Amino acid sequence: MSEELTAALEQAAAQARDAALAARSLNELEEARTAHLGRKGALTTLLRRIGTLPPEERGAFGKLANEQKREVEERFAAREKELAAARLHGVFDFDPTTPGPRPARGHEHPVLAMLREIEDVFLSMGFLVLAGPEVETEYYNFEALNIPRHHPARDLQDTFWMETGAECRWVLRTHTSPMQVRALERFGAPLRAIVPGRVYRNETLDATHEATFHQVEGLMVDREVSVAHMKGVMAAFLERLFGQKVAIRLRPHYFPFVEPGFELDFACAFCGGSGCAFCKRTGWIEILGCGMVHPHVLRAGGVDAEEFTGFAFGVGVERLVMMRHSIEDIRHFHSGSLRFFEQF
Amino acid sequence: MRLSLSWLGDFVDLGGRSAAEIAEDLTLRTALIEGIETHGEFSDDVVVGKVVECRRHPRADRLACCVVDVGGETLEVVCGAPNVAAGQTVPVAKVGAELAGGVRLKKTKIRGVASHGMICSEQELGLGDDHEGIIVLEEGLEAGRPFRECPGVVDTLLEIDNKSVTHRPDLWGHEGFGRELAAIYGLELRVAPGEEGLRAGGGPLAVRIEAPELCGRYCALFVRGRLAAASPGWLRWRLRHCGLRPIWLAVDVSNYVMLEIGQPTHPFDRRRLRGGVIRVRRAARDERLVTLDGEERALPEGACLIADAERAVAIGGVIGGRDSGIDGSTEEAVVESASFDAVSVRATSSALSLRTEALARFEKALDPALAERGVRRYAAVLRAAAPGVEIAGEFVRAGDAVAAPVELRLRPGRLAAKLGVPIGAEAMESSLARLGFVVTRQGEELRVRAPSFRATRDIRCEDDLIEEVGRIHGYHLIPEALPAAACRPVRLEAVNEAWRACVRLLCGRLGFTEVSAYPYVEDNVLERCGGPGDEPYLCIRNPLQQGARRLRRSQVPGLIEFVDRNIKAVEEVRLCECGRVYLPAAHGGELPDEPALLSAAWGERTLRRGPDDARREGQVLRRLKGALEEVGEELRRPLRFERLAAAAPRWLHPTRSAAVFAGAERVGEIGQVHPDVAAGLGWRGEVAVFEISLSNLVAAAPTPRAYEAPARFPPVKADVSFLAPFTLPYEEACAGLRRAAELLTRIDLVDEYAAAGMDSGERSLTLRLTFRAADRTLNDEEVGAQLRQARSWLAAQGAELRGEGG
């Protein structure tokens, strides 16, 4: 049997079958049928060449040719049935690349969404989620946190002061840390809690500085809570936040309300720690401040500083969001502009 | 603050350690190093030159034409510096040399005179910011020698993050960091030596401390000689690398001592102190002083002043006076080294809005013992820098302040519990001892005495000692461990849970975008919304801008502002905000109430048309009300709405508005924005807003979901359409219909509208009525009868029925 003719036959049959499937309407199907199975059709023409074969090969070729032709005809018949059925439903032919009409979707504020995401992480570790006053007394914002008047640490936090009578000195809280003392006063020890919220600094606005921003404060006080525990909880938090394990390191840093105090860096996700422009070639990116709760703060909260120890941390939320989405200007968050928010 | 690596080498032998390694170890154990910079590595084209000749430029008064010997050749160079003079030794960049910023120096013509090089200032060489004049080098350097080979030119600098040492008065000089490195690496510390031969005694001036609470100790050293000469190269280079400009010998030595041991000193010109006495006293009312920076300053009453018999000559711990300082002719100086009260210098500095290097140190509470170390070190450095200067053998010492001794116990068990790792007693002792602490063992515990330079403020309790041991040990060596905390169910805060549910609903299914406005509302925003009204506002005393002092009492003005910003660009805006407002408490002294509010705005740029093509009014408000009803449903607190009688917020429409209730409690309002507000903003469409207090809403108990078994018999539905006056409220109509047709089990609103062309006071309503019996399938006649009863009840109320509903 001629190999060449057999191959040509199989190819022609396959093309005819594909043509049947490709037809999107009965008209197209009829055209395809004529082109392949009609008197001058490709397959028909090929079948006629049976006469050119030596007689002993004709039998086998004829059998193969009939099988192929029957399959093609079946395919056309099946497609005709499908198309005829489809026609009952109207003229619409579905284009899978046309976007579907969607119900109007809303958009969560990216900073507040991050706040809720952080809440979820700590809720899963058994932390309470607390709120505290934003107009705060000087005592809770500073003194209870071991920042007496005239302490140079107050310079680091340019403060909005409220207009009040002489009897009280109030501020817009400069950090969420006052809630450390308030939470201890209210719940005592042991305690695990976070305080997400707005904080305020009297700073001139630019692309990286806001006067109004968000922090999440965290506090865990119990018997024998150590730096090792703080590192463990912070690593677990960041792993959830970044969706992968990240290396962290502590550097000594001064915050009056913790002792010892730290800044916590994580290994730069862009360069893996080898140093790049994003991490200023250090391989590390500072992400939060933390430390062991100062005995002064525990005592201010009415907790026995001998029996209990604890750690606290504070993380700025805007920076996390800006890192995650590569947002270039912090001022977008208060713009109210749909062109910005619709992207989230 | 910059640290010179070569200077640190005076105190500790750093061996072959690289700058990067040292920076990393300091970052992990002491303070953040923000950067490493190498200074002075110039190419061979920057050489030492001698100015042989210096003439004025023929066509420019401010330029000089110099002939400079650069070893084996002389160059003609045009120079614009005011301080250039013949005979000077200077750095010269030859043609082809690379300057700071990567510029390559070319041969140029300046006003017609060819210049074959450049005599360099600090800025051009990238050594500092000073571009006022060229660098003048000490004599004796060989012309033509590559500049970088001159002693002191090349150095590596570590940039310290000042914020990380605000609590460490001992780390404001090189010696303190030398001590840290000695402790980190286990090396010997060589402290900066002082002139030990000096004796406390008398001098040409007496010192009287009249305000001992402000100045605990005051030492004065007397020196005589060429004090306005140039300092030697090694001293000048260290100052330059650390960012200070060398001036005159007596001033340079003062700065050097400050950068080295952290003690600020101040030289006075002896001739300018009158009356043979230095008085340390409080400023009287209305005293003034022209300070070193040339400013005439009104002195805060009570501030610590240094005065002579007649007048103030310096502000203690902050800045010296211009007229008593060193100048080019000084030959006799009195050098002050004192201990000032940290709180008082800070208050004075804030009152003057003036921060200086001296203040940055004194406000950290320096060790009083440094006052005497300051004069001894000054004398030693001055002797090394200028052997010809005469130093009096006696200095005057007034006041006897010392740091109160700090003695603490350190329990290894407490340390292990707090750090999470045990550290051996030997390691604890040796870390503390290298940091200057005196340690003795007492059974299990250590007794630890803090060195005076850590005892003023920094070291106060056992935890402070734990930090010292922990950081030298290395925090990065502490393992991560999750706490084994008791299993306690977390109590959820109702307001927070409600907030999260509302955002999920509004930003999910209901298509709102969550926004966040500043809590301080701008006056003009309030003004656009009908003014601030009579309610009391909490105000910020020092706002970012005067027009934004008030803390908001409502989120609606902010939302209206945001709607306005967006409505020009899009057809429809749906915004929500969940945040706080600030309501002054009724009683003075109590913190304000800060309820959490949920507010939303829905705006459409134009009125939409109905199927009849007429523009329909009030539809935006209806849709927003639907969204608010969903909120109530989600929180399982069904809301009730009542026409607002009085006390409507100023931005609400007088008639298209309502009060919102949950149970008996009023929780907020909803309504269209007042036509005046909308007109003021130029809106053509409609904007509706609501605001409810989540705090009040969640105070009500949630309604449990009531379950009813699905009915067994099928319902029959029929629509009725009619025109009805607004005086027949929907709820009343429903109640009436239910009474009129007892098999009516459910009423759904299909449509409500009012459009142009209809009688005012009327709206079109279409209701879908569902009839059902609990025990049988209804037949056509029963339903027909029910429907007739319903329709005749409506007709009796004055409704005008349309067509037959199916």
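Residues numbered from 1 in each chain as written. Chains lettered and ligands numbered in written order. Predicted model: local features only at pLDDT ≥ 70, side-chain atom pairs only at ≥ 80, totals over all residues. Heavy atoms only, no water.

Trainee: Quick question: what am I supposed to make of the overall build of chain A here?
Mentor: Per the secondary structure count, chain A includes 11 helices and nine strands. Over its C-alpha trace chain A gives a radius of gyration of 37 Å, far above what one expects of a compact globule, namely 20 Å for 344 residues. Its C-alpha atoms give chain A principal-axis dimensions of about 115 × 40 × 40 Å. Taken across its 344 residues, chain A has 56% of its residues classed as buried. Within chain A, contacts between residues at least 6 apart in sequence are counted, and of these 67% link residues at least 24 apart. Only carbon and sulfur atoms are counted for the fraction: they give 52% of the accessible area of chain A, which is about 15,600 Å². Each charge sign in chain A was given a centre, from 40 positive and 48 negative side chains, and these centres are 6 Å apart. (Helix = DSSP H or I, 4+ residues; strand = E, 2+ residues; numbered from the N terminus. Rg over C-alpha atoms; globule rule 2.2 N^0.38 Å. Buried < 20%, exposed > 50% of the residue type's maximum accessible area, 1.4 Å probe, protein only. Contact = heavy atoms within 4.5 Å. Areas by Shrake-Rupley, 256 points an atom, 1.4 Å probe, with all protein chains shown as cover. Lys, Arg positive; Asp, Glu negative; His and termini not counted. Charge placed at Lys NZ, Arg CZ, Asp CG, Glu CD.)

Trainee: I'm lost on the overall build of chain B in this one. Help?
Mentor: For chain B, the count of helices and strands is 19 helices and 40 strands. In terms of overall size, chain B is more extended than a compact globule, its C-alpha atoms giving a radius of gyration of 41 Å where 806 residues would be expected to give roughly 28 Å. Across its three principal axes, chain B shows a C-alpha extent of roughly 125 × 85 × 55 Å. Expressed as a percentage of its 806 residues, the buried residues of chain B come to 54%. Contacts in chain B between residues at least 24 apart in sequence constitute 70% of all its contacts with a sequence separation of at least 6. Working note: accessible area of chain B is about 35,200 Å², and carbon and sulfur atoms make up 48% of it.

Trainee: What's the story with the pairing of strand 31 (residues 596–604) of chain B in this structure? I'm lost.
Mentor: Where a strand is regular, its side chains alternate between the two sheet faces. Residue and element names in this part refer to chain B. Counting buried positions along strand 31 yields nine of nine residues, so the element is predominantly enclosed. Residues Ala596, Leu598, Ala600, Trp602 and Glu604 line one face of strand 31 and the alternating positions Leu597, Ser599, Ala601 and Gly603 line the opposite face, and both faces are buried. Relative to strand 31, strand 30 (residues 572–580) runs antiparallel, the two sharing nine bridges. From the neighbouring strand, Leu575 faces strand 31, where its bridge partner is Ala601. Summarising the sheet, strand 31 and strand 36 (residues 686–693) pair through eight bridges and their orientation is antiparallel. Along strand 36, the bridge assignment pairs Ala601 with Val689. (Pairing = 2+ DSSP bridges.)

Trainee: Sorry, what's going on with the nonpolar core here?
Mentor: Side chains of nonpolar character tend, in soluble globular proteins, to be buried together. One finds Phe122(A), Phe177(B) and Leu410(B) to be the most contacted residues of the largest nonpolar core, which totals 157 residues. Every residue in contact with Leu410(B), bar those within four places of it in the chain, is listed here: Leu415(B), Met428(B), Leu432(B), Glu445(B), Leu446(B), Val448(B), Glu462(B), Leu465(B), Ile466(B) and Val469(B). Trp7(B), Ala220(B), Phe340(B) and Leu352(B) belong to the second largest nonpolar core, which has 73 residues in total. (Core = buried A, V, L, I, M, F, W, Y, C linked by side-chain atoms within 4.5 Å.)

Trainee: When you look at the interface of chain B and chain A in this model, what are you seeing that I'm missing?
Mentor: By a frequent convention, interface size equals the accessible area lost on bringing the separate parts together. Each partner contributes to the interface: chain B provides 83 residues, whereas chain A provides 90 residues. In this structure, Glu514(B) engages Arg116(A) in a salt bridge whose closest nitrogen and oxygen atoms are separated by 2.6 Å. Here chain B is connected to chain A by 36 residue pairs in polar contact (both at pLDDT 80 or more). Contributing elements (two or more residues each) for the side of chain B that touches chain A: helix 2 (19–29), helix 6 (342–352), helix 9 (412–419), helix 11 (462–473), helix 12 (494–507), strand 27 (513–514), helix 14 (556–567) and strand 30 of chain B. (Salt bridge = Lys/Arg side-chain N within 4 Å of Asp/Glu carboxyl O. Polar contact = N/O pair within 3.5 Å; in protein donor to acceptor, adjacent residues only side chain to side chain.)

Trainee: Can you help me understand the side chain of Ser599(B) in this one?
Mentor: Residue and element names in this part refer to chain B. For Ser599, the position within the fold is in strand 31. A distance of 2.7 Å separates a polar atom in the side chain of Ser599 from a polar atom in the side chain of Gln555. Contacts of Ser599, omitting those with residues within four sequence positions, involve Gln555, Leu559, Leu575, Cys576, Glu577, Phe690 and Glu691.

Trainee: Looking at this structure, how should I read the packing of helix 4 (residues 233–241) of chain B against helix 5 (residues 249–261) of chain B?
Mentor: Residue and element names in this part refer to chain B. Contact geometry for helix 4 and helix 5: axes closest at 10 Å, N-to-C directions at 60 degrees. The pairing of helix 4 with helix 5 is recorded here as oblique in orientation. In this structure, helix 4 meets helix 5 at a crossing whose hand is left-handed. Here Trp234, Leu235, Arg236, Arg238 and Leu239 of helix 4 come into contact with helix 5, specifically with Asp252, Val253, Asn255, Tyr256 and Leu259. Tallied by class, residues from the contact of helix 4 with helix 5 come to six nonpolar, one polar and three charged. (Axes fitted to C-alpha atoms, helices over the stretch in contact; angles between N-to-C directions. Parallel < 35°, antiparallel > 145°, perpendicular 65-115°, else oblique. Left-handed = near helix turned anticlockwise from the far one by under 90°. Nonpolar A, V, L, I, M, F, W, Y, C, P; charged D, E, K, R; others polar.)

Trainee: Can you help me understand the pairing of strand 38 (residues 744–755) of chain B in this one?
Mentor: Residue and element names in this part refer to chain B. Sheet analysis places strand 32 (residues 616–617) next to strand 38, joined by two bridges and oriented antiparallel. The partner of Arg616 across the bridge, within strand 38, is Ala755. Bridge analysis of strand 38 against strand 39 (residues 762–771) gives eight bridges, and the strand direction is antiparallel. The partner of Asp751 across the bridge, within strand 39, is Thr766. Here strand 38 folds back onto strand 39, and the loop between the two strands holds six residues, one of which, Gly757, carries a positive phi near 100 degrees.

Trainee: How do you make sense of the packing of helix 1 (residues 3–22) of chain A against helix 2 (residues 26–37) of chain A when you look at a structure like this?
Mentor: Two packed helices can be described by the angle between their axes and the distance between those axes. Residues and elements named next belong to chain A. Interhelical geometry of helix 1 versus helix 2 gives an angle of 170 degrees and a closest axis separation of 9 Å. The angle between the axes of helix 1 and helix 2 places the two elements in the roughly antiparallel class. Where helix 1 approaches helix 2, its residues Gln15, Ala16, Ala19, Ala20 and Ala22 are matched on the opposing element by Glu28, Leu29, Ala32 and His36. The residue inventory of the contact of helix 1 with helix 2, partitioned by class, reads six nonpolar, two polar and one charged.

Trainee: What am I meant to see in the sheet that holds strand 36 of chain B here?
Mentor: Hydrogen bonding along the main chain pairs the strands of a sheet, whether they run parallel or antiparallel. Residues and elements named next belong to chain B. An order of 27-30-31-36-35-34-33 is seen for the seven strands of this open sheet, with the pairing classed as mixed. If you trace the sheet from one side to the other, it starts and ends with strand 27 and strand 33 (639–643), each paired once. The sheet contact formed by strand 33 and strand 34 (residues 652–662) spans five bridges and is antiparallel. Across the sheet, residue Glu642 finds its bridge partner in strand 34, namely Ala659.

Trainee: Explain helix 2 of chain A to me, please; I cannot follow it from the model alone.
Mentor: Helical geometry: 3.6 residues make up each α-helical turn, so side chains three or four residues apart lie on a common side. Residues and elements named next belong to chain A. End to end, helix 2 covers 16 Å across 12 residues, agreeing with the expected 16 Å (1.5 Å per residue, within 8%). Every buried residue of helix 2 is accounted for by Leu29, Ala32, His36 and Leu37. The buried residues of helix 2 occupy an angular sector of 95 degrees when projected down its axis, which confines them to one face. Facing away from the buried side of helix 2, by more than 90 degrees, are the exposed residues Asn27, Glu31 and Thr34. (Expected span 1.5 Å × (residues − 1). Arc of directions from axis to C-beta.)

Trainee: What is the right way to read the packing of aromatic side chains from this model?
Mentor: Aromatic ring pairs are defined here through the distance separating the ring centres and the angle between the ring planes. Residues and elements named next belong to chain A. Here the structure, examined in full by the defined rule, presents 20 aromatic pairs over all chains. With a centroid separation of 4.9 Å and an interplanar angle of 35 degrees, the aromatic rings of Phe242 and Phe266 are classed as tilted. Here the residue Phe242 occupies a position in helix 8 (residues 227–242), and Phe266 occupies one in strand 7 (residues 258–267), the gap between them amounting to 24 residues. Classification of Phe242 by relative accessible area gives partly exposed; the value is 31%. (Phe/Tyr/Trp six-rings, centres within 6.5 Å; stacked < 30°, edge-to-face > 60°.)

Trainee: Is there a simple way to think about the domain arrangement of chain A in this case?
Mentor: Per the domain assignment, the segments making up chain A are domain 1 (3–87) and domain 2 (110–341). Of note, the centres of domain 1 of chain A and domain 2 of chain A, computed from C-alpha atoms alone, are 75 Å apart. (Domains from an automatic or database assignment.)

Trainee: Even after reading the chapter, I still don't get the pattern of salt bridges, so can you show me in this structure?
Mentor: Two side chains of opposite charge can pair, provided their charged atoms sit close to one another. Residue and element names in this part refer to chain B. Enumeration according to the criterion identifies 100 salt bridges over all chains in this entry. In this structure, Glu73 engages Lys94 in a salt bridge whose closest nitrogen and oxygen atoms are separated by 3.6 Å. With a gap of 21 residues between them, Glu73 in the loop between strand 4 (60–69) and strand 5 (74–79) and Lys94 in strand 6 (residues 89–94) connect regions that are remote in the sequence. A residue is classified by how much of its surface remains accessible, and Glu73, at 37% relative accessible area, is partly exposed. Arg623 serves as the salt-bridge partner of Glu604, at 2.7 Å between the closest nitrogen and oxygen. Here Glu604, found in strand 31, pairs with Arg623, found in helix 15 (residues 619–634); they are 19 residues apart in sequence, far enough to count as distant. Look at Glu604 and you get buried, because its relative accessible area is 4%. The partly exposed category is assigned to Arg623, whose relative accessible area is 25%.

Trainee: What should I look at first to understand the environment of Ile209(B) in this one?
Mentor: Residue and element names in this part refer to chain B. As for its placement among the helices and strands, Ile209 is situated in strand 12 (residues 206–209). Sequence separation between Ile209 and Leu769 is 560 residues, and the spatial gap between their C-alpha atoms is 97 Å. Not counting residues within four places of it along the chain, the set of residues in contact with Ile209 comprises Cys215, Arg217, Tyr218, Val280, Ala398 and Gly399.

Trainee: Would you mind going over the confidence of the model for chain B with me for this structure?
Mentor: Where the model shows low pLDDT, its predicted coordinates should not be examined in detail. Taken residue by residue, chain B gives an average pLDDT of 92. The fraction at 70 or more is 99%. For chain B, the element scoring lowest by mean pLDDT is strand 32 of chain B, at 84; helix 5 of chain B scores highest, at 98. (pLDDT = per-residue confidence, 0-100.)

Trainee: Looking at this model, I keep getting lost on the environment of Ala790(B). Mind explaining?
Mentor: Residue and element names in this part refer to chain B. Inspection of the secondary structure assignment puts Ala790 in helix 19 (residues 780–796). The buried category is assigned to Ala790, whose relative accessible area is 1%. Separated by 52 residues in sequence, Ala790 and Arg738 place their C-alpha atoms 8.1 Å apart. If we ignore the near neighbours within four places in the chain, the residues touching Ala790 are Leu737 and Leu769.

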